[in-house]
Amino acid sequence: MAAPAKQGLVAWLWQGYLKRHLPVILFAMALMTVEGAMLGLLSFMIKPMFDDVFVSGNEGAIPLVAGGIFAIFTARALSGFGQRVLMARVGQKVSAALQHDLVGHMLGLDSLWFQKTPPGNLIERVRGDTLVASTIWSTVLAAAGRDLVALISLFVVALSIDWVWTLIAVAGVPVLLLPIMGLQRLVRRTTRAARAAAALISTRLDEIFHGVTTIKLNRLEKHENDRFGRTVEGFVRAQIRSEAGQAGIPALMDIVAAVGFLGVLYYGGLQIIGGEKTVGEFMSFFTAMALVFEPLRKLGNVTGAWQAALASLERLHAVFEEQPTILSPARPRDLSCAPEAADIQLENVHLAYEDTAVLNGLSLTAKAGQMTALVGPSGAGKSTVFNLLTRLVEPQQGQITLGGTPIDQMALPDLRSNFAVVSQDSHLFDETLRDNILLGRTDIPEDRLQEVLQAAHITDFLPGLPNGLDSPAGPRGGNLSGGQRQRVAIARALLRDAPVLLLDEATSALDAKSEQVVQEALERLSKTRTTLVIAHRLSTVRNADRIVVMDKGQVAEQGTHDELIARGGLYSGLYQLQFASGA
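Just so we're clear, the structure is a prediction, and the values are computed from it rather than from any experiment.

Peer 1: Break down the overall build of the protein chain for me, with residues and values.
Peer 2: In terms of regular secondary structure, the protein chain is built from 18 helices and ten strands. For 583 residues, the compact-globule formula gives about 25 Å, and the C-alpha radius of gyration of the protein chain, at 35 Å, lies well above that figure. Dimensions of the protein chain, computed from the C-alpha atoms along their principal axes, are close to 120 × 55 × 50 Å. With 583 residues in all, the protein chain has 46% of them scored as buried. For the protein chain, the accessible area works out to roughly 28800 Å², and carbon and sulfur atoms hold 59% of it.

Peer 1: Quick rundown of the sheet that holds strand β8 (residues 530-534)? Include the residues and the values.
Peer 2: Strand order in the open sheet formed by six strands is β6-β7-β8-β3-β9-β10, and the pairing between neighbours is mixed. Two strands lie at the open edges of the sheet, namely β6 (419-423) and β10 (554-559), each paired on one side alone. Strand after strand, the sheet turns through a mean of 20 degrees between neighbouring axes, direction not considered. Bridge count between strand β3 (residues 371-375) and strand β9 (residues 546-551): four bridges; the pairing is parallel. For L374, the partnering residue across the bridge sits in β9 and is V548. Its contacts with the sheet put helix α11 (residues 382-389) on β3, β6, β7 (500-504), β8 and β9, and the angle it makes with β8 is roughly 145 degrees. Seen against the sheet, helix α15 (residues 482-496) touches β6 and β7 and runs at an angle of roughly 175 degrees to β6.

Peer 1: Go over the pattern of salt bridges, please, and point to the residues and values.
Peer 2: Tallied over the full model, the rule gives nine salt bridges. For the salt bridge of D129 with R315, the shortest nitrogen-to-oxygen distance reads 2.7 Å. Highlighted residues: D129 in helix α5 (residues 119-161) and R315 in helix α10 (residues 279-321), separated in sequence by 186 residues. Of the two residues examined, D129 and R315, each falls in the buried class. Beyond isolated ion pairs, a larger network of salt bridges with shared partners links R434, E446 and D470.

Peer 1: Hey, could you go over unusual backbone geometry for me, with residue numbers and the actual values?
Peer 2: The backbone of N348 shows a phi angle near 50 degrees, a positive value even though the residue is not glycine. The residue K552 is not glycine, and still its phi comes out positive at about 55 degrees. Looking at the secondary structure, you find K552 in the loop between β9 and β10. Accessibility expressed as a relative area gives 65% for K552, which makes it exposed.

Peer 1: So, α15: which residues are in play, and what are the values?
Peer 2: In a regular helix each residue adds 1.5 Å, so 15 residues correspond to 21 Å; α15 covers 22 Å between its end C-alpha atoms and thus fits that length. Of all 15 residues in α15, twelve are buried, a share of seventy percent or more. Those residues of α15 that sit buried are G483, Q484, Q486, R487, V488, A489, I490, A491, R492, A493, L494 and L495. Of the residues flanking the end of α15, it is D497, one or two places downstream, whose phi is positive at about 50 degrees.

Peer 1: Tell me about the packing of helix α14 (residues 446-455) against α15, and please be specific about residues and values.
Peer 2: Where α14 meets α15, the closest approach of the two axes is 9 Å, and the angle between their N-to-C directions is 135 degrees. Judged by the angle between their axes, α14 and α15 are oblique. As for how α14 packs across α15, the hand of that crossing is right-handed. Across from R448, V452 and A455 in α14, the residues of α15 making contact are A491, L494 and L495. Here the residues of the contact of α14 with α15 are counted per class, giving five nonpolar, no polar and one charged.

Peer 1: Quick rundown of the environment of G483? Include the residues and the values.
Peer 2: Along the chain, G483 falls in helix α15. The exposure class assigned to G483 is buried, which follows from its relative accessible area of 3%. As for G483 and F228, which are separated by 255 residues in sequence, their C-alpha atoms are 34 Å apart.

What counts as what
- Residues numbered from 1 in each chain as written.
- Predicted model: local features only at pLDDT ≥ 70, side-chain atom pairs only at ≥ 80, totals over all residues.
- Heavy atoms only, no water.
- Helix = DSSP H or I, 4+ residues; strand = E, 2+ residues; numbered from the N terminus.
- Rg over C-alpha atoms; globule rule 2.2 N^0.38 Å.
- Buried < 20%, exposed > 50% of the residue type's maximum accessible area, 1.4 Å probe, protein only.
- Areas by Shrake-Rupley, 256 points an atom, 1.4 Å probe, with all protein chains shown as cover.
- Pairing = 2+ DSSP bridges.
- Axes fitted to C-alpha atoms, helices over the stretch in contact; angles between N-to-C directions.
- Contact = heavy atoms within 4.5 Å.
- Salt bridge = Lys/Arg side-chain N within 4 Å of Asp/Glu carboxyl O.
- Expected span 1.5 Å × (residues − 1).
- Parallel < 35°, antiparallel > 145°, perpendicular 65-115°, else oblique.
- Left-handed = near helix turned anticlockwise from the far one by under 90°.
- Nonpolar A, V, L, I, M, F, W, Y, C, P; charged D, E, K, R; others polar.

Here's what the structure looks like:
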């Protein structure tokens with residue numbers, strides 16, 4: 001679903017999501033019309049019930065009146081049940097479609113957008129806002145198809161009995177217009193604040209559950225619970241204000257109804273006493289007007305709920321208006337990069353995040369089939385190089401080529417298929433190990449999978465798992481150790497069989513035994529591939545074909561380990577810092 005652009009919020013929701021359900025909506029509205037019309041018929045039947053049965057004592061009229069009332073309630077029950085089921089179905093389908101399109105749109109946005117937007121905010125957009133925006137239509141359509149019809153039919157009955165009584169009953173309605181408009185603006189403003197507060201709650205929960213180990217080790221349980229409590233209190237305050245605004249609209253209508261009934265009872269009562277009107281006429285009118293204010297209250301509730309829904313629609317609209325800046329070219333160049341031709345070259349690359357410069361004219365080359373290590377102090381721009389190669393970010397200046405082809409001239413899927421990445425914190429999904437390794441691929445034969453498992457040393461720990469390869473990895477891979485998670489990541493990279501391998505601190509968080517096993521698997525993986533390694537522990541890159549030392553976004557020096565040690569520059573200083581004690 002394309003972004004709503006400059007369309008109105010209502011038109012966008014209708015054209016994009018509701019129009020496809022038009023036949024069901026029309027049938028549901030027909031049922032709503034029947035349900036609403038039954039209230040008018042019910043009030044109409046009150047007059048013969050009083051005048052012909054109760055007052056005149058006509059026994060022959062009892063079956064007709066009783067049968068008519070029974071038919072009215074039956075028709076109302078069946079039509080009401082049918083329209084509610086149909087509208088619930090439409091609401092759920094619209095909500096599902098909105099969620100699907102929203103997540104798809106988000107996944108196409110730049111990585112920097114996700115860094116600026118808290119996860120809880122995104123979760124609340126996908127779950128909370130889409131649900132509010134979609135289900136409001138069942139309420140709005142019910143108001144149009146049921147409550148409006150009920151209102152009209154009841155007014156017809158009331159006017160047919162006495163138009164003066166009707167005017168007296170509704171004389172105070174125009175007075176409500178200005179207060180209701182004020183309440184609508186209040187509801188929209190407070191609902192917007194409540195949705196933002198709900199997103200903050202989701203963010204806090206994400207931080208708590210993701211960082212529970214850090215919380216426990218630093219004895220932050222009370223601090224985090226208190227902070228979450230303050231967040232919830234903020235949401236409660238905003239939500240109460242929103243609910244109060246929505247409740248104020250039907251409350252005003254009830255006050256007007258009370259004044260109207262007071263006037264009708266006084267004026268009509270005198271006419272009945274004087275013999276100008278019958279008891280049946282008054283009871284029929286009284287029933288009609290009593291029922292009138294029920295759909296009026298529902299219509300008043302709809303105005304408040306609609307303002308609340310608009311706040312959610314605005315939040316959804318804002319996400320759909322976000323557009324990625326990193327795109328495939330209109331006419332991408334064909335890329336079939338063989339491992340022996342996968343040279344990587346960065347020429348005079350500049351990159352800054354807002355006002356912070358990260359790379360300042362970086363130029364380096366990683367030759368095909370060789371291992372090139374990137375080392376240097378934190379903040380030198382090493383990880384940024386990886387993000388640039390895979391076009392997660394774009395440079396403001398300079399050119400990057402893979403196999404001699406500028407990467408911005410390649411289709412993004414083709415470009416990224418040339419890279420296999422193993423990072424320090426490889427993300428695992430809460431699925432089985434098999435699912436985490438295959439990542440949705442169905443073209444991998446079992447013998448190839450077993451070969452990969454053995455090469456990545458996964459077969460070493462599979463016997464200790466309850467269901468072997470079909471054991472759950474747990475949330476974020478929590479059922480596995482750090483070394484086991486890294487071996488799963490290596491198995492993924494082996495299956496990709498990409499010409500370029502990117503290793504970002506792949507063994508830095510492991511113990512010595514796990515590091516040795518993972519290092520063996522990585523060496524096997526890097527053979528015949530162009531390999532770029534980021535490492536702080538220089539012992540892991542001593543045998544690299546080329547070591548590039550970065551500092552302040554530039555290449556400070558480069559060469560082999562022995563050459564850089566002999567030069568006595570930055571690398572030699574880092575080496576001495578790590579190994580001066582003989583460690």
